[in-house]
Structure formats: C-alpha cells, structure tokens
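# Commentary on secondary and tertiary structure
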Amino acid sequence: MKIVKKREVEVVNGEADSFGNDFLGLLLKAFHDSDEKNKLSLEDLVGECKTFYFAGHETVNSLLSWTVFVLAIHGDWQEKARREVIQIFGNQNPHPEGIGKLKTMTMIINETLRLYSPLTSIVRQVGREVQLGKLVLPANVDLLVPNMALHRDPHLWGDDVHLFKPERFAEGISGATKFNAAAFFPFGLGPRSCVGMTFATTETKIALSMILQCYKFTLSPAYVHSPMTILTLRPQHGIQIILESLHKDA
Ligand code: HEM
C-alpha cells in the first residue's frame, strides 16, 4: 500500500500526471475511475496485486531454479547456452532485440518446463453436463488436469520421455508436440491460460543470460533429488550449486 499511496500523493500534488504506465498504474487508474460501474474496489486492487505477486514470483523462481539445475548436470547444454549468450550480448546486459534471438535457450527452457513444470496441474469446473469420450461429466464437478503426467507420457514423447533433451524443441513447440496442444501446456490452455507467459520467459532468459555470462556451474554432491509440490514444484532440499567465476578478477 505504501507504493500505492506514494503514486496517489504524486498525482494529487501535481508531481505526476498519471498513476504510471505499468500494470499497477492501470489498476490505480481503474481504482480512481469516476464511473462507478468500471471502478475497481479496494479489495480487488489488493487482490490483483497479491495474485500477480504470487503468480509471478513463485513460478519464475521455480523455473529458474530447475533450469539452473538441469544445466548444472548437462554441462554440454550449459556451454551451448553460454556460447549463444556471449555471441548475442557479449558481456553487456541482455537487451530486448537479443532476447528474441536466444534459440538454444528457448529450447532449454521449454524442455525444463516439460520436465519440471512450476505448476503441475490446472483446475477447471464443469459448467454444464458434458460428454467427454465415454465419460459423462455432471455440472459443477471440479477437474484437475495434470499437465505433468502428459509432459511425461511416453506415448506422446517417446521412451526417452524422462531424459533432458532440448533438441526436441529445435522446431519449436508445434514441432515437438506434432501440433498436439494437450502434450505440452506448462502455462495452461484456453482463454484462462497464463497472462504472464511472455513476461515469465523473458525474465528467465534475462536472469539466465546474466548467470551464464558470469559463472560456470555444477551440481554439488550434497544435492538430493526430491521435487515436491507446495503450490509450485520445488526442490525439497534446495539446489546446491558450485559456482566458478568466469572473470578471474571477480
Ligand atoms: C514460469 C512461470 C509461470 C508459469 C509456469 C505459469 C503457469 C500458469 C498456469 C498453469 C496458469 C493457469 C492457467 C489455466 O488455468 O489454464 C497460470 C495463470 C495465471 N498466471 Fe501464470 N505462470 C507463470 C508466470 C506468471 C507471471 C510472471 C505472471 C504475472 C506477472 C503470471 C500471472 C498469472 C495470472 C494472473 C494467472 C491467472 C489467469 C486467469 O485466471 O485468467 N504467471 N499461470
């Protein structure tokens, strides 16, 4: 609420002519809408902030952790990703034009999302009775759709389904899934799918690029593999990584 109040005071004092052109600014504009029908309530303003904070923070945290984990084990892919990052950004900070060119990194992120989806299932409620194959689903039944089970189904992905092979995604998601949308949906499906998808992958690419520019990393022998779901998919005992600085003076 401190940030909200600060922006409101700036507008009232004439120090700013809008609440800001970011997402919070849009929420504040709706909160102050003079039209009662469009106005956002205080409860909704706070609710939206909480949703975006949780939905945006824990999930990307999970994706970045598991990506570092797989690259710590697969040194060859770590090296390929680093070569690409250095070729595109050198040692400069990642920039928007370069982010779109990170092909190898996109393949690595998709393969990590397949094996370690931050959200392992999505939920839906049946609106009205519907026939689904041989099943009749009554209205109001809650459904849990486990994307993780489909991401690791050998009928869809082959006998090497449990192996980390980013080359599956060399021809993009449609190539990897042979246009079967139900084979890969880490961000959900349909009109209620994740609104933060592009933001999430961009954020992950920026962070990963900066890590790869500075460090080589391997998995510590102390690591114990035990992924578990507490809302998001987490490493139960953390991920212990050994970092080696690439800049000897650092
Ligand atoms: C790797 C990161 C992320 C993953 C794997 C992820 C995954 C998902 C999934 C599976 C859903 C449910 C979709 C459905 O029911 O079909 C969802 C919904 C949502 N996500 Fe994400 N998400 C991520 C990052 C983010 C970020 C960064 C934001 C915001 C900045 C965000 C905001 C939301 C919101 C607001 C919803 C609810 C959408 C709705 O119900 O209309 N997510 N996300």
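Since the model is a prediction, treat every value here as computed from it, not as a measurement. (Residues numbered from 1 in each chain as written. Predicted model: local features only at pLDDT ≥ 70, side-chain atom pairs only at ≥ 80, totals over all residues. Heavy atoms only, no water.)

## A word on helix α1 (residues 2-12)
All of the buried residues along α1 are V4, R7 and E8. Each buried residue of α1 sits inside an arc of 100° when the element is viewed along its axis, so together they form one side. In α1, those exposed residues whose orientation departs by more than 90 degrees from the buried face are K2, I3 and K6. Lining the buried residues of α1 we find α2 (23-31) and α3 (42-73). After α1 finishes, the residue G14 shows a positive phi value of roughly 80°. (Buried < 20%, exposed > 50% of the residue type's maximum accessible area, 1.4 Å probe, protein only. Helix = DSSP H or I, 4+ residues; strand = E, 2+ residues; numbered from the N terminus. Arc of directions from axis to C-beta. Contact = heavy atoms within 4.5 Å.)

## Structural notes on the UniProt feature "binding site: heme" (unreviewed entry) in the chain
Here the UniProt-annotated "binding site: heme" (unreviewed entry) positions come out as C194. Within the element layout of this structure, C194 appears in the loop between α9 (172-177) and α10 (197-214). (UniProt positions renumbered as here; feature names shortened; annotations may be inferred.)

## Topic: the pattern of salt bridges
This model, assessed by the stated rule, comprises nine salt bridges. R114 is paired through a salt bridge with E111; the nearest N and O atoms lie 2.8 Å apart. Here R114 pairs with E111, and both are found in helix α6 (residues 103-115), just three residues apart, close to one helical turn. By relative accessible area, E111 is classed as buried at 0%. One salt-bridge network, held together by shared partners, links E111, R114, D160, K165 and R168. (Salt bridge = Lys/Arg side-chain N within 4 Å of Asp/Glu carboxyl O.)

## Notes on the packing of α3 against α10
Where α3 meets α10, the axes come as close as 10 Å, and the angle between the chain directions of the two elements is 40°. When the axes of α3 and α10 are compared, the pair comes out oblique. Crossing of α3 against α10: the hand is right-handed. Taken together, the residues of α10 that come into contact with α3 (itself represented by V60, L63, L64, T67, V68 and L71) are A200, E203, T204, A207, L208 and I211. Per-class residue counts for the contact of α3 with α10 are nine nonpolar, two polar and one charged. (Axes fitted to C-alpha atoms, helices over the stretch in contact; angles between N-to-C directions. Parallel < 35°, antiparallel > 145°, perpendicular 65-115°, else oblique. Left-handed = near helix turned anticlockwise from the far one by under 90°. Nonpolar A, V, L, I, M, F, W, Y, C, P; charged D, E, K, R; others polar.)

## Describing α3
Helix length check: α3, at 32 residues, gives a terminal C-alpha distance of 47 Å against a target of 46 Å (1.5 Å per residue), a fit within 8%. By the burial criterion, the buried members of α3 are L45, T59, V60, S62, L63, W66, T67, V68, F69, V70, L71 and A72. (Expected span 1.5 Å × (residues − 1).)

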